[in-house]
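Reading the structure
As a plain string of letters, each chain reads:
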Amino acid sequence: MSDALPVILTVDDETEVLRAVQRDLRSHYAADYRIIGATGGREAIDVINELATRGGALALILADQRMPQVSGVDVLRASLSPFPSAKRALLTAYADTDAAISAINDVGLDHYIMKPWDPPEEKLYPILDDLLEDWLADYRPTFTGIRIVGHEWSKEAFELKAFLAMNQVPYRSFVVGVDPEAETLMQSAGSDNGDLPMFLFPEGPPLLRPTQAELAGRIGLKTHAQAPAYDVAIVGAGPAGLAAAVYGASEGLATLLIEASAPGGQAGQSSLIENYLGFPRGISGADLARRAAAQATRFGAEILVPARVMQIERKDPYKIIHLDDGSSVTTKAMVVTSGVEYRRLRAEGLDDLVGAGVYYGTSRIEAENHRGQPIYVVGGGNSAGQAALFLTRFTDDVTIVIRGESLVDTMSAYLIENIDANPAITVSPRSAVVGAKGDQHLEKLTLENLGTGSVEDVDAGALFIFIGQRAQTDWLGAIVQLDERGFVLSGAELGPLKDWSVDRDPFPLESSVPGIFVAGDVRHGSIRRVAGATGEGATAIRFVHRHLASL
Ligand SMILES: Cc1cc2nc3c(=O)[nH]c(=O)nc-3n(C[C@H](O)[C@H](O)[C@H](O)COP(=O)(O)OP(=O)(O)OC[C@H]3O[C@@H](n4cnc5c(N)ncnc54)[C@H](O)[C@@H]3O)c2cc1C
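Here is a short report on the structure shown in this document. Since the structure is predicted, the reported quantities are computational estimates derived from the model, not experimental observations. (Residues numbered from 1 in each chain as written. Predicted model: local features only at pLDDT ≥ 70, side-chain atom pairs only at ≥ 80, totals over all residues. Heavy atoms only, no water.)

Under the counting rule described, the total for this entry stands at ten aromatic pairs. Between W135 and Y139, the ring centres sit 4.3 Å apart and the planes meet at 20°, which makes this aromatic pair stacked. Overall, the relative accessible area of 19% leaves Y139 in the buried class. Its end group placed over the ring of Y360, R344 keeps NZ or CZ at 4.1 Å from the ring centre. (Phe/Tyr/Trp six-rings, centres within 6.5 Å; stacked < 30°, edge-to-face > 60°. Buried < 20%, exposed > 50% of the residue type's maximum accessible area, 1.4 Å probe, protein only. Lys NZ or Arg CZ within 6 Å of the ring centre and 35° of its normal.)

So this is what it looks like as structure tokens:
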């Protein structure tokens, strides 16, 4: 059922009459309304419920009063809760006038129209025009994206919403006990509290407590490789992986890009990347990711999202990549672009509140949930600075907690200037978050003054943590050489080689296994910038070609 236009629903159990009403309605209203006919009360109530579940708009119901089992008034009554502002009219015979009059009080009947209504120009359209004009005055087009019904602090809902947000899929959230529509949506979908979170789509049945993969399938993401083997497989779709995919695919390689959560990586979390070449006013990470993913796809790269690489197996000259859904693909070459993730903050009570006021990184949806509340940011690096500035769009009470004396040694000068000039941000030096408290969500933080050792509890709506990063290389196991912090060694930085199976030295960006390259933040010695990552991703493909040519 397409939900683009508001609906006029007409109901009659006599098919001839129904056909005649539909014909007259179509000839006058088809440009602005979708005319739906139902041959009986039960069918009409099904249409109403389905429309409510899909988030459609019901402008008017025109129902014959006299129908067996479910009368016109019954149909109008069923529409009251899901569509309180719809206009309601009855088609009546003289004998039904009493029923129509009592329906005015009973179901807020707006009008009753005597049968026959010929000519419609006199007896039908003027009445309905008035009703529809009234309805239109208050009508706000319905949101036609995904609607999510869930409990306020549900971790399950939070993670799935974050997944949609990272993949730039718009949705609207209805919280049980807070938004009255939540109950109506649950009722019309026939679900209860145990089914939450529930996802309602413009088309197709709702998803109840879906897995990320189920949700991915419904929003059109691919999670399974189309082919059994590729020239190059790239692990991680941050800037480095996306650049490698664009260059690989555009240069004719059968290219697979595998991403565990959403294209963009860390850059996708940046509200404004100001130092990337060619964007003098900056570009949001989400925008950059969307453009890059579209570019890679246009050149023919296949992108799997969400799909996590769990392990790789070396079968020279091939590499077998094992994914988290149990499937595997074979590739001749690989580029490791799995980047870094935030280090975890150790503080009492904190882990239990992740997703319920405590967050690693920032995104608009988390910030939206904490409008007007006191917000704390832990960390003194550029990402903490950017996040603090971004959060002032939602509150005028942001505190940056740092262990050091000032931000000077850890943050770029331009960010420090912006922070100093922003009255909504306070910097709390020589302090640390040592505890977090809250029943269902974060309510208080315990801060320690590192100078005096004193501790105090402060009210906090949210805590955003940016305390350094960790290479995402667990999945690589011991297959390639890593430095002591888990970053991948490559080229001239490699130690003595074991099992080096080809008759040449490692190329730049090549790991200790021939044909496995590395690019971006996960590489030992990278500059941890978007430009560095994209440059390395593109460069890695140059060496992939040379490796493939030598096989
Ligand atoms: C908030 C923030 C703001 C920033 N602002 C700027 C800025 O203004 N300018 C700038 O130049 N830099 C900025 N940076 C740094 C920049 O974003 C990074 O240098 C860049 O994103 C690194 O890109 P990458 O592709 O190497 O790795 P990442 O961006 O870390 O991407 C790695 C990807 O690999 C995926 N992955 C990991 N493991 C697996 C696996 N096993 N299977 C499948 N996928 C996997 C991850 O999900 C992730 O998407 C910022 C970083 C942050 C966090």
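A few words now on the side chain of T92. One can find T92 in strand β4 (residues 87-92). The buried category is assigned to T92, whose relative accessible area is 0%. Not counting the four nearest positions on each side in its chain, T92 is found in contact with Q65, A100, Y112, I113, M114 and K115. (Helix = DSSP H or I, 4+ residues; strand = E, 2+ residues; numbered from the N terminus. Contact = heavy atoms within 4.5 Å.)

Let us now look at the environment of G268. With respect to the helices and strands, G268 occurs in the loop between β11 (255-258) and α11 (285-298). C-alpha of G268 to C-alpha of R546: the two residues are 278 residues apart in sequence and 31 Å apart in space. Excluding anything up to four places from it in sequence, G268 contacts G285 and A286.

We now examine the sheet that holds strand β6 (residues 146-150). The sheet built from four strands is open, its strands ordered β7-β6-β8-β9 with mixed pairing. Pairing within the sheet leaves two strands with one partner each, and these edge strands are β7 (171-175) and β9 (207-208). Helix α7 (residues 155-166) contacts β6, β7 and β8 (198-200) of the sheet and is inclined by roughly 160° relative to β7. Across the sheet, helix α8 (residues 180-189) lies against β6, β7 and β8, angled at about 80° from β8, the strand it touches most. (Pairing = 2+ DSSP bridges. Axes fitted to C-alpha atoms, helices over the stretch in contact; angles between N-to-C directions.)

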